[in-house]
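The residues making up each chain are set out below.
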Amino acid sequence: QVLLVESGGGLVQAGDSLKLSCAASGRTASIYAMGWFRQAPGKEREFVASIDRSGYNLDHEESVKDRFTISRDNAKNALYLEMNNLKPEDTARYYCAAHKSGARNYYYSRVNSYEYWGQGTQVTVSS
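Residues numbered from 1 in each chain as written. Predicted model: local features only at pLDDT ≥ 70, side-chain atom pairs only at ≥ 80, totals over all residues. Heavy atoms only, no water.

Let us look at the packing of aromatic side chains. Geometrically, a pair of aromatic rings is defined through the distance of the ring centres and the angle of the planes. Tallied over the entire structure, the rule returns 6 aromatic pairs. Aromatic ring contacts, followed pair by pair, group Tyr32, Phe37, Phe47, Tyr108, Tyr114 and Trp117 into a single cluster. Positioned over the ring face of Tyr80 is Lys19, at 4.6 Å from the centre of the ring. In this arrangement the basic side chain of Arg45 is found over the ring face of Tyr95, its NZ or CZ atom lying 3.7 Å from the centre. (Phe/Tyr/Trp six-rings, centres within 6.5 Å; stacked < 30°, edge-to-face > 60°. Lys NZ or Arg CZ within 6 Å of the ring centre and 35° of its normal.)

Structure below.
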């Protein structure tokens, strides 16, 4: 299996920047794509960004594409989300997810395309 552990969340002010990290362990060679999702209380878990194994095929949700950047370091088994100009509406618990190589679902903006999930890290943005 793959274990994912997020870190880097916290309480920040609007306009601040924050970098989230996700450490992967276990059968990391089986990971093809990775993603970040977020979920606010009472809301559905929503797509934030995804990245494939090469690190060059990226996708960002429209509301964050000019402010957030996803990246990964396969040698370190790490995934990152650089968040700039944070807004109160970015407040949510952020989850790291991993998609297995060869898995049937490969639309990386969808929750059901990921087999492994971390427990999340909270990001709170005050106005």
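The subject of this paragraph is the environment of Asn112. Locating Asn112 in the fold gives a position in the loop between β9 (92-100) and β10 (116-117). Separated by 13 residues in the primary sequence, Asn112 and His99 place their C-alpha atoms 9.4 Å from one another. (Helix = DSSP H or I, 4+ residues; strand = E, 2+ residues; numbered from the N terminus.)

Once that is clear, we can look at the nonpolar core. Core analysis: the biggest nonpolar cluster contains 27 residues, and Leu4, Met34, Trp36, Leu81, Met83 and Tyr94 have the highest contact counts within it. Contributions of two or more residues to this core are made by β1 (2-7), β3 (18-26), β4 (31-39), β5 (46-51), β7 (68-73), β8 (78-83), β9 and β11 (121-126). With near-sequence residues (within four places) excluded, Tyr94 lies in contact with Glu6, Leu20, Trp36, Phe37, Arg38, Val48, Phe68, Leu81, Met83, Gly120, Thr121 and Val123. (Core = buried A, V, L, I, M, F, W, Y, C linked by side-chain atoms within 4.5 Å. Buried < 20%, exposed > 50% of the residue type's maximum accessible area, 1.4 Å probe, protein only. Contact = heavy atoms within 4.5 Å.)

Side chains of β7 alternate between two faces, with Phe68, Ile70 and Arg72 buried and Thr69, Ser71 and Asp73 left unburied. Where β7 meets β8, 6 bridges bridge the pair, whose relative direction is antiparallel. Paired with Asp73 across the bridge in β8 is Ala78. Where β7 hands over to β8, the hairpin turn is made up of 4 residues, of which Asn77 adopts a positive phi near 50°. (Pairing = 2+ DSSP bridges.)

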